[in-house]
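Descriptive analysis of the structure
Listed below, chain by chain, are the residues.
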Amino acid sequence: PITPKSNHNNMESVEPILTQQQIKTYLSDGILVVDNLLSREEIINAKLGLAQTLMDDYGVDVHDLEGTGRGLMDASSTNGAGKCVVL
C-alpha cells in the first residue's frame, strides 16, 4: 500500500493511505470514492472557500446561479463545454 512520507523522528507505524485494490479501482475506473476522507468541518470550510472563490474570481453567487451562473464558463477548463444537469 502507498503510505505517507514517514517522519524519521517518529517511529510509530504508518497506516496505508490507499490499498492496492483502491489503486486498481482508480486506474480502471478513473475515480475513487474514499469514505470519511474529510471531517464535516473540513467539508463545510471547503464549500465556503469555493463559494467565496467563485464570487471573487468569477462573479458567481452560489445562491443565485440562475442570475450569475454564466460566470461558471469562465471558471471551466473546457469553456463550459461539459453537460450541465440541474437537479
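Note that the structure is a prediction, hence the values are computed from the model and not measured.

1. Some thoughts on the overall build of the protein chain
Secondary structure summary: the protein chain contains four helices and zero strands in total. Starting at the N terminus and ending at the C terminus, the protein chain contains elements arranged as α-α-α-α. Within the span of the protein chain, comprising 87 residues, buried residues form 7% of the whole. Pairs at least 24 apart in sequence give 0% of the contacts found in the protein chain among residues at least 6 apart. When the accessible surface of the protein chain is split by element, carbon and sulfur atoms take 54% of a total near 8,000 Å².

2. Considering the side chain of Thr-68
Mapping Thr-68 onto the fold places it in helix α3 (residues 65–68). Polar side-chain contacts of Thr-68 include one of 2.7 Å to the backbone oxygen of Asp-64. Ignoring any residue separated from it by four or fewer positions in sequence, one finds Thr-68 in contact with Gly-59, Val-60 and Asp-61.

3. A look at a nonpolar patch on the surface
A surface patch of nonpolar side chains, about 340 Å² in accessible area, is lined by Val-34, Leu-37, Leu-38 and Ile-43. Along the chain, Leu-37 turns up in the loop between α1 (20–29) and α2 (40–58).

4. Points about the confidence of the model for the protein chain
Residue-level pLDDT values for the protein chain average 82, and 75% of them are 70 or greater. Ranking the elements of the protein chain by mean pLDDT puts helix α4 (residues 72–75) last with 84 and α2 first with 96.

5. Quick look at α2
For α2, built from 19 residues, the straight-helix expectation of 27 Å at 1.5 Å per residue is met to within 8% by its first-to-last C-alpha distance of 26 Å. At the C-terminal side of α2, Gly-59 shows a positive phi close to 70 degrees.

6. So, unusual backbone geometry
Of note in the backbone geometry, Asn-36 takes a positive phi value of approximately 55 degrees without being a glycine. Inspection of the secondary structure puts Asn-36 in the loop between α1 and α2.

7. So, the environment of Asp-61
On the secondary structure map, Asp-61 appears in the loop between α2 and α3. In this structure, the C-alpha to C-alpha distance between Asp-61 and Gly-71, residues ten residues apart in sequence, is 9.2 Å. Leaving out residues up to four positions away in the same chain, Asp-61 has contacts with Met-55 and Thr-68.

Rules and cut-offs
- Numbering of residues begins from 1 in every chain and follows the order in which that chain's sequence is written.
- Since the coordinates come from a predicted model, pLDDT governs what is reported: local features require at least 70, and pairs of side-chain atoms require 80 or more to be given and counted, while whole-chain, interface and lining totals use all residues.
- Side-chain numbers here rest on the full set of heavy atoms in the structure, without hydrogens or water.
- In this text, helices come from DSSP runs of H or I with a minimum length of four residues, and strands from runs of E with a minimum of two, each type numbered from the N-terminal end.
- Buried, partly exposed and exposed residues are distinguished by accessible area as a fraction of the type maximum, computed with a 1.4 Å probe on protein chains only: under 20%, between the cut-offs, and over 50%, respectively.
- Throughout, a residue-residue contact means that at least one pair of heavy atoms, one from each residue, lies within 4.5 Å.
- Note on areas: these come from Shrake-Rupley sampling with a 1.4 Å probe, and a residue is covered only by the protein chains present in the view.
- Polar contact is the term for a pair of N or O atoms within 3.5 Å; when the atoms are in protein, one must be able to donate a hydrogen and the other to accept it, and sequence-neighboring residues count only if both atoms are side-chain atoms.
- Residues form patches when they are more than 30% accessible in relative terms and have no salt bridge. Like charges link within 9 Å. Nonpolar side chains (Val, Leu, Ile, Met, Phe, Trp, Tyr) link within 5 Å.
- Every case where a carboxyl oxygen of Asp or Glu lies within 4 Å of a side-chain nitrogen of Lys or Arg is listed as a salt bridge.
- Confidence scores here are pLDDT values: one per residue, from the predictor, ranging 0 to 100.
- One less than the number of residues in a helix, times 1.5 Å, gives the span that helix is expected to have.

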